[in-house]
Every structure is written in C-alpha cells, then in structure tokens.
Amino acid sequence: MITLSGKKASSGIAIGKILFYKRDLKDIRRIYVRDIDKEIQRLMRARDKAQQELEGLYESSIREVGEVNAAIFEMQQQILQDQDFIDEITRIIVEEKLNAEYAIQQGAEQFIKYAKKEDIAYGAGHAVDVRDVAFRLIRTLSRNWKDRLMGDEPFIMAASELYPSEVVQLDTSKVKGIVTMHGTVNSHTAVLARTKGIPAVLGIGEVLKEEYDGKQIIVDGNEGRVYIEPDYALVQKMQKQQNENRTEERNLERLKGKENVTQSGQKIDITANIDSREDIETVLRSDAGGIGLMRSEFLYLDNTKLPTEEQQYQMYTLAAESMGNKPVVIRTADLGGNKSIPVLKTGEEKNPTMGLRGIRVSLEKEDMFRTQLRAILRASANGNISILFPMIDSVEEVQRAKILLERAKKELKDEKTAFDEHIKVGAMVETPAAVMISGELAREVDFLSLGTNDLTQFTLGMDRDDKELEPFYNKYHPAVMKMLRIVANNVHLEGKRISVTGDLAADTSLTEYFLEIGIDELSVEPDQVLNLRRRIREV
Ligand code: PEP
Ligand code: MG
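Thresholds, definitions, all that
- Residues numbered from 1 in each chain as written.
- Chains lettered and ligands numbered in written order.
- Predicted model: local features only at pLDDT ≥ 70, side-chain atom pairs only at ≥ 80, totals over all residues.
- Heavy atoms only, no water.
- Donors = N, O, S within 2.8 Å, 3.2 Å for Na, K, Ca; no water.
- Helix = DSSP H or I, 4+ residues; strand = E, 2+ residues; numbered from the N terminus.
- Buried < 20%, exposed > 50% of the residue type's maximum accessible area, 1.4 Å probe, protein only.
- Salt bridge = Lys/Arg side-chain N within 4 Å of Asp/Glu carboxyl O.
- Polar contact = N/O pair within 3.5 Å; in protein donor to acceptor, adjacent residues only side chain to side chain.
- Contact = heavy atoms within 4.5 Å.
- Pairing = 2+ DSSP bridges.
- Axes fitted to C-alpha atoms, helices over the stretch in contact; angles between N-to-C directions.
- Patch = residues over 30% accessible without salt bridge, like charges linked within 9 Å, V, L, I, M, F, W, Y side chains within 5 Å.
- Areas by Shrake-Rupley, 256 points an atom, 1.4 Å probe, with all protein chains shown as cover.
- Lys, Arg positive; Asp, Glu negative; His and termini not counted.
- Charge placed at Lys NZ, Arg CZ, Asp CG, Glu CD.

A.B. asks: Explain the coordination of the magnesium ion (ligand 2) here, please?
C.D. replies: The textbook angles at a metal center are 109.5 degrees for a tetrahedron of four donors and 90 or 180 degrees for an octahedron of six. Protein coordination at the magnesium ion (ligand 2) comes from Glu 430 (OE) and Asp 454 (OD), with a distance range of 2.0 Å. With a gap of 24 residues between them, Glu 430 in the loop between strand E13 (424–429) and helix H15 (432–436) and Asp 454 in helix H17 (residues 452–460) connect regions that are remote in the sequence. Of the residues examined, Asp 454 reaches a relative accessible area of 3% and is grouped as buried.

Shown next as structure tokens:
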C-alpha cells in the first residue's frame, strides 16, 4: 500500500479504480503553415463554436451548480472574447507562420503571464480557466478528438490538472472521486468538485504516477490522503466511514426548511460566514438564514491592487441579490495582522496581530474606506445589507467610522444614487476592551457581533494560530464564557441584537449556553448550519 498526501479540496471518501485522464495537449504538433489567412479563419470559426458551447455550458451548469458558480463560464466567455488573448494567438500564427492549435496553446501561456503582470483578475488568479478555454478551442479544431472523460464503470479520475468545465460536466454516477497532481483548494475546479459533492484531493504532485492507472485506490477527501492498493483492513474501515457519512448526510438533509427552534419554543437565527464569491452558492445550499459575516477582506487579499468601488459593488450586490430578502452582513475590510496586503505599506510591525488592523486601518486609509463604504451603500439598494466594523476598541472609533459613513451617504445623495437610508450598523466585540464597554458600544449601533476567535486570543494572551500553544489554549476558558454573558446582557439592556460569529458559534457543546444567555444569532461555516440546527432542535 502506498500513501500519498495532497490538498483537501472536497470532503468525502471514494473507493475504486483509478483512471488517468489525458488531454494530450503536450502532443500538439508545431506545424509550419503557408496559408495564414486560412489558419486565422480556422481560429475564428473555433472561437464562434467555443462561444456557443460556453453559452450552453453556462445554461446547463445553472441547474447543476447554481447561478453563482455557473458564472465561471460567463467569465470564460470573457477570456475567449478578450482581444489581448486573441491577439496573442494571431500574432503567433502571423509572425511565426504556425498552425492554430499550436498558436492557441502557446498564446494561452503567454496570455497567462501577461495577465499576471497586468493584474487582470481572470488571467492572474485563474490560469486554469485560460487553459480550459484554450483546450476547448483546440478540441473544436481537431475533428478526431475522442472524449475520454466517460468510462462505463464507476472510477476515480486522475489527471495532471483538471479544468472547471471538465469537472462541471462529470457524471457523478460514474466519477466517484478526483485526484490531481496540480491544483489548489480555492481554484474553480475545487469549488465545483465541492458543489457536486465529489471527494477530491488535489495538488498531490508528481508522486501521483501514471503507472498506478487501473489500480484500486481510496480517496480520503476529509484528510487529504490517497491510498494506492490499500490493504483489506483499511478498505473495510473506509467503507464503514463512507456509510456513516452517507447516513449522516441524509439525516441532515431532512432538516432543510425546518426552523431553528428548541423543544420549548425558543428560536435563534443561524446564518453563515463567507470568505469568497463561491461561498455564496454554498450558503444557498446550506439553508442558512442569510450571511451573518462576509469577510470582505478576501476582495483585497487576492489582488495586488485595491478593489475598485465598482468591483466591490458587483460583489456585494451579487451576495444581496442571491440571498433575496435574507440579511447580508458585510464586515468592512479586516486587513492587517495576518491579512496584510502590500499596497497598505503598513511597514514592519513587531506584532502585527496587535498592530494596525481592522477598523484602525480603515480610519487611517480614509480613501480606501470611503470606496468600500460607497460600494456597500450602493449595493444596499439591492437587498437586505448591514455594515459591520471589525476590531473595535473604543466608542470613538465607532463614532468616527459612522461620520465617514454619513459622509459617503451624503455624497451618494448629492449624486442621486440609490441606497438604503436605514442601513443597519454593527460593531464587532473582539477585544476585552470592547467587552467592558459593550453597553456604550451598543448605544452607538444596531447590533454587536462577538468575534470569539480574536476575543479568545486577546483574553488569554495567546496567538490563535500557534500550534505549539494548543495544550494551553482553552477555548472554553471561564473568562471568555463570562464575557459572552456580560456582552449579551449589556446589548439586550440597550434593546439591540447580539450575534456570535467566531468558530465557537458552531460548537454544539455550547449551544445550550448560547440559548441560555440569549444570543440572537449564530453565524457559522455553511457546512455546519444543519448540524447546528439539529442540536438546537434537540435542546
Ligand atoms: C473572530 O475573530 O471571531 C471573527 C469572526 O473574525 P475573524 O475570524 O475573521 O478574525
Ligand atoms: Mg476577528
């Protein structure tokens, strides 16, 4: 038995025969052509055909993986129609007098490099999408292409790298699992594998050898492990776990559409946290009551430039419209600390976690903050949006943030741009200071949100990410538990709402306590919504 490790891209266990999928892109021949016009015409015909295919794929994937994820194929249409992309390919055909297939393959790689340099989002962050489009073009040009994606028997698909359009079209009754040499947890490929519920371990590296083709393997997406020719005992153990997982899934599935209500009739809201655009679809599928925390800093962390007002507006609107009437809490960028970005130039800090971060950054970088506030306000015209300020330490910080918010509102009013005039404002309680003045803070805002991840680390004086500290890190420390009660009481005395958005919110050993102290809302990772609902219904 051989054990390989990779990235946990999609949870679940799959057992079966491994089959290698090859596109033969490497076999594309470099052919010298005399008739350049003909080659360009072939390219243009391929582009039209690929465009039609992508339009069809967009429509069919809405059913499969939801509208937000299907948008991947709208983005791929943009790549296909990008003049720089086509120019790069035609340049190779014209200047080097080479065949279209070869020019597409080379042009795509050039375009990926160029896009990275120029910071074009779909080129830089999504090289795999550019290659997906290029491969589609090449395939439409070669008449003899045989699609090897579909075997007759169920199997586990192995590949050097899999493209989003390939994953979205996989027949889940045949493809039981995915393993690849290259690929990341946040790629579109991984997102689609998760949405389709196919266990996947990506980025295993070259140790995933083609000589394993046809062998029996186990994919453990929960642990990021792959076992080649596993022994009998392991197969039995994994089969048992697989059956348990399936039963658990079915049981949780039955809770969709049900209320978050205890046996005695006490209700509590369950919402979900999101860290990416793709999470929106996961929230919709999780049956959460809305988005309780959008960590908007993801918009800043993926790029080398600051996100524009328009980019942010599009993102927030997408979230708000996808949720319908359900609430969407957008936390303003919690940058700094371990979420630092080069453009901020905050300088070297001895202790970034206790440095310029959260609201402090926003108040320092007023232009950046103004752009974000304008984007959130504009998006608030399209749904049920609230604003949440992170890392609050004082009443003055909230007041200053609110002054800037009022300024942004006035600007929009003067420009006659629509926004929700009654947009709700909240503050995060993530430091002991905020706990002690939670009553005063509550007076300033509409709701408070307990960020128990940071609150615990600052209360215990221990880094939340330090593995070495695990034996000392008591996440149930009585000091933290008392703080939660104090904050809940203070907030309710002011007649305002209190939510918990840190990891503790999903901890079912604390559900009874949260109900007892009167927490109004728990915001958790989307895949924990139903488990938490089950616990609440048992209390
Ligand atoms: C928290 O600190 O608990 C929180 C919700 O914020 P983040 O995890 O993003 O720091
Ligand atoms: Mg925090």
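A.B. asks: Got a minute to help me understand the pattern of salt bridges in this structure?
C.D. replies: One side chain can pair with another of opposite charge once the charged atoms of both are near each other. Under the counting rule described, the total for this entry stands at 46 salt bridges. One salt bridge in this structure joins Arg 497 and Asp 269, with 3.2 Å as the shortest N-O distance. Placement of the pair is Arg 497 in strand E15 (residues 497–500) and Asp 269 in strand E9 (residues 269–274), with a sequence separation of 228 residues. Judged by relative accessible area, Arg 497 falls into the partly exposed class, the value being 35%. Several salt bridges share partner residues, and in doing so they unite Glu 297, Arg 331, Asp 334, Lys 339, Arg 357, Asp 454 and Arg 464 into one network.

A.B. asks: Would you mind going over the side chain of Lys 196 with me for this structure?
C.D. replies: The residue Lys 196 is located in helix H7 (residues 188–196) in this model. Overall, the relative accessible area of 12% leaves Lys 196 in the buried class. A distance of 2.7 Å separates polar atoms of two side chains, one belonging to Lys 196 and the other to Glu 64. A distance of 2.8 Å separates the side chain of Lys 196 from the backbone oxygen of Val 168, its partner in a polar contact. Ignoring anything within four residues of it in the chain, the contact list for Lys 196 reads Glu 64, Val 65, Val 167, Val 168, Gln 169, Leu 170 and Thr 172.

A.B. asks: Help me out: how do you make sense of the environment of Glu 39 in this one?
C.D. replies: When you line up the elements, Glu 39 lands in helix H1 (residues 36–81). Residue class for Glu 39 comes out buried when judged on its relative accessible area of 5%. The sequence separation of Glu 39 and Ala 288 amounts to 249 residues, and the corresponding C-alpha distance is 52 Å. Look past the residues within four positions of Glu 39 in its chain and what remains in contact with it is Val 33, Ile 93, Leu 98, Asn 99, Ala 100 and Glu 101. Within polar-contact distance, the side chain of Glu 39 engages the side chain of Arg 42 at 2.6 Å.

A.B. asks: How should I be thinking about the sheet that holds strand E12 (residues 384–389) in this particular structure?
C.D. replies: Backbone-to-backbone hydrogen bonds join strands into a sheet, with any given pair of strands oriented parallel or antiparallel. The sheet built from eight strands closes into a barrel, its strands ordered E9-E10-E11-E12-E13-E14-E15-E16 with parallel pairing. Strand-to-strand twist of the sheet, defined as the mean angle between neighbouring strand axes without regard to direction, takes the value 30°. Alignment of strand E14 (residues 447–450) against E15, held across four bridges, turns out to be parallel. Bridged to Phe 447 within E15 is Arg 497. Set on the sheet, helix H20 (residues 529–538) makes contact with E9 and strand E16 (521–524); between it and E9 the angle comes to about 160°.

A.B. asks: Looking at this model, I keep getting lost on a negative patch on the surface. Mind explaining?
C.D. replies: A surface patch of like charges, here negative, comprises Glu 55, Glu 59, Glu 67 and Glu 74. Residue classification places Glu 74 among the partly exposed positions, given a relative accessible area of 37%.

A.B. asks: How should unusual backbone geometry be read in this particular structure?
C.D. replies: Excluding glycine, residues mostly carry a negative phi; peptide bonds, for their part, are mostly trans. Of note in the backbone geometry, Lys 97 takes a positive phi value of approximately 50° without being a glycine. Within the fold, Lys 97 resides in the loop between helix H2 (83–96) and helix H3 (100–118). Lys 97 gets classed as partly exposed once you look at its relative accessible area, which sits at 32%. Phi at Glu 229 is positive, roughly 45°, even though this residue is not glycine. You can see Glu 229 is positioned in the loop between strand E8 (225–228) and helix H8 (232–253). Using a relative accessible area of 46% as the deciding quantity, one classes Glu 229 as partly exposed.

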